[in-house]
Amino acid sequence: NAGVTQTPKFRILKIGQSMTLQCTQDMNHNYMYWYRQDPGMGLKLIYYSVGAGITDKGEVPNGYNVSRSTTEDFPLRLELAAPSQTSVYFCASSYSIGNWPYEQYFGPGTRLTVT
Amino acid sequence: GNSVTQMEGPVTLSEEAFLTINCTYTATGYPSLFWYVQYPGEGLQLLLKATKADDKGSNKGFEATYRKETTSFHLEKGSVQVSDSAVYFCALSDHEPSYGKLTFGQGTILTVHP
C-alpha cells in the first residue's frame, strides 16, 4: 500500500496562474480531505468529500475547487493564484462505518509558493 | 464553533526529561480528541486518541486523558528521546454529522537535546 500520495512535492507559481494539486489514496477510503498549513498555525480544512461525486466546503474554501470522480482521487484546483495561498497543502483520507469516521491518514504534503 | 488551544511553544527538553503539552478545547457537541505528530518533512500521523470522557489514549510512551470537566487533553511522556523531536498537534472531531472533519490547534514544536 502506498497510502496517500500527493504530487507535486514543491511548486512555485506566479500570481494569477492556476494549477491542480493531485491526491490519490489506495486504501479504498470513502472520506477524503484537503487541509492547508500556514507557518506557526494548525491545519485548516479547505474541502472534504464523503464519497465519489460528493464534496463540500470546509473552513477556508475561497480560491479553491475540488472534484471527486473516483474513490481514489481527490484533486484540488487553484484558480488565479494569490500570495495568500502560499502554504503547505495536505491531503488526507479515512474510512467510516455509517457516519462514524476513523483515523485520518495524511499524505506527505505539497509546498506551494505564490510570488 | 469548535476550537483547540495548545500551549505556547516551542518546547526544548533534555533527553529523559518529562514532557507535558497542554491542550484545551471548545466544542458545541461531544467530540473525539486526538494527538497527531508531524516529523520533519513528513505528513501528520495519528499518535493517540480518546473518544469519551475519562478515556486514556496511549502510544509509544505518550499518554493523554480526556477530561470533560476541564475540557482538556494534555499530552504527557515520562522520558523523552531525541527521536521524539517533532511538531505535535491536538485536534478534535465532533461526532455525527461532522464526517470526521478535524479542528486543529496551532501545533507545538518539541526539540529534545541529547
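For the structure itself, look to the data block above.
Residues numbered from 1 in each chain as written. Chains lettered and ligands numbered in written order. Predicted model: local features only at pLDDT ≥ 70, side-chain atom pairs only at ≥ 80, totals over all residues. Heavy atoms only, no water.

Colleague: Describe the overall build of chain A, with residues and values.
Modeller: Each helix and strand counted, chain A has zero helices and 13 strands in total. Each helix (α) and strand (β) of chain A, taken in turn from the N terminus, gives the series β-β-β-β-β-β-β-β-β-β-β-β-β. Taking 2.2 N^0.38 as the reference for a compact globule, 115 residues should give roughly 13 Å; the C-alpha atoms of chain A span a radius of gyration of 13 Å, in line with that estimate. With respect to the three principal axes, the spread of C-alpha positions in chain A is 45 × 25 × 25 Å. Counting over 115 residues, chain A shows a buried share of 44%. Excluding contacts between residues fewer than 6 apart, the proportion of contacts in chain A whose partners are at least 24 apart in sequence is 55%. Accessible area for chain A stands at about 5,500 Å²; split by element, carbon and sulfur atoms hold 52% of it. (Helix = DSSP H or I, 4+ residues; strand = E, 2+ residues; numbered from the N terminus. Rg over C-alpha atoms; globule rule 2.2 N^0.38 Å. Buried < 20%, exposed > 50% of the residue type's maximum accessible area, 1.4 Å probe, protein only. Contact = heavy atoms within 4.5 Å. Areas by Shrake-Rupley, 256 points an atom, 1.4 Å probe, with all protein chains shown as cover.)

Colleague: Residue-level account of the overall build of chain B, with values.
Modeller: Looking only at helices and strands, chain B features zero helices and twelve strands. For chain B, the C-alpha radius of gyration of 14 Å lies close to 13 Å, the compact-globule estimate for 114 residues. Residues classed as buried in chain B amount to 45% of the 114 residues present. In chain B, the share of contacts with a sequence separation of at least 24, taken over all contacts with a separation of at least 6, comes to 57%. Of the roughly 5,300 Å² that chain B leaves accessible, carbon and sulfur atoms contribute 49%.

Colleague: I'd like to hear about the sheet that holds strand S3 (residues 19–25) of chain A, residue by residue, with values.
Modeller: Consider a sheet: its strands pair through backbone hydrogen bonds, and that pairing is either parallel or antiparallel. Residue and element names in this part refer to chain A. The four strands are arranged S1-S3-S8-S7 in an open sheet whose pairing can be described as antiparallel. Of all the strands in the sheet, the pair left with one neighbour each is strand S1 (4–7) and strand S7 (64–66). Averaged over all adjacent pairs, the angle separating strand axes in this sheet is 20 degrees, with direction ignored. Of the pairings in the sheet, the one linking S1 to S3 comprises four bridges and is antiparallel in character. Residue pairing for S3: Val-4 is matched across the bridge by Gln-25. (Pairing = 2+ DSSP bridges. Axes fitted to C-alpha atoms, helices over the stretch in contact; angles between N-to-C directions.)

Colleague: I'd love a proper account of the packing of aromatic side chains, names of residues and values included.
Modeller: Under the criterion given, the structure shown has twelve aromatic pairs over all chains. Look at A:Phe106 and B:Tyr36: their rings are 5.5 Å apart centre to centre, the planes differ by 75 degrees, and that puts the pair in the edge-to-face class. Remark: B:Tyr36 occurs in strand S5 (residues 32–38) and A:Phe106 occurs in strand S12 (residues 105–106); the pair is interchain, linking two chains. What makes A:Phe106 buried here is its relative accessible area of 10%. Following the ring pairs from residue to residue traces out a cluster consisting of A:Tyr33, A:Tyr35, A:Phe106, B:Phe34, B:Tyr36, B:Phe89 and B:Phe104. In this structure, A:Arg68 is placed above the aromatic ring of A:Phe74, and the distance from its NZ or CZ to the ring centre is 6.0 Å. Its end group placed over the ring of B:Tyr30, B:Lys68 keeps NZ or CZ at 5.6 Å from the ring centre. (Phe/Tyr/Trp six-rings, centres within 6.5 Å; stacked < 30°, edge-to-face > 60°. Lys NZ or Arg CZ within 6 Å of the ring centre and 35° of its normal.)

Colleague: Could you give me a rundown of the nonpolar core, with the residues and numbers involved?
Modeller: Across soluble globular proteins, you tend to see nonpolar side chains buried next to one another. Core analysis: the largest hydrophobic core is formed by 26 residues, its most contacted members being B:Leu19, B:Trp35, B:Leu47, B:Leu48, B:Phe73, B:Leu75 and B:Tyr88. Mapped onto this core, the elements with two or more residues apiece are strand S2 (11–14), strand S3 (19–21), strand S4 (23–26), S5, strand S6 (44–50), strand S8 (62–65), strand S10 (86–93) and strand S12 (108–113) of chain B. The leading source of residues in this core is S10(B), at four residues. One finds A:Leu13, A:Tyr47, A:Tyr64 and A:Leu112 within the second-largest nonpolar core, a separate group that totals 19 residues. (Core = buried A, V, L, I, M, F, W, Y, C linked by side-chain atoms within 4.5 Å.)

Colleague: Describe in detail the environment of A:Leu21, supporting the description with residues and values.
Modeller: Residue and element names in this part refer to chain A. Note that Leu-21 resides in strand S3. Residues Leu-21 and Gly-107, spaced 86 residues apart in sequence, show a C-alpha to C-alpha distance of 12 Å. Once residues within four sequence positions are removed from consideration, Leu-21 is found in contact with Thr-7, Trp-34, Pro-75, Leu-76, Leu-78, Tyr-89 and Thr-110.

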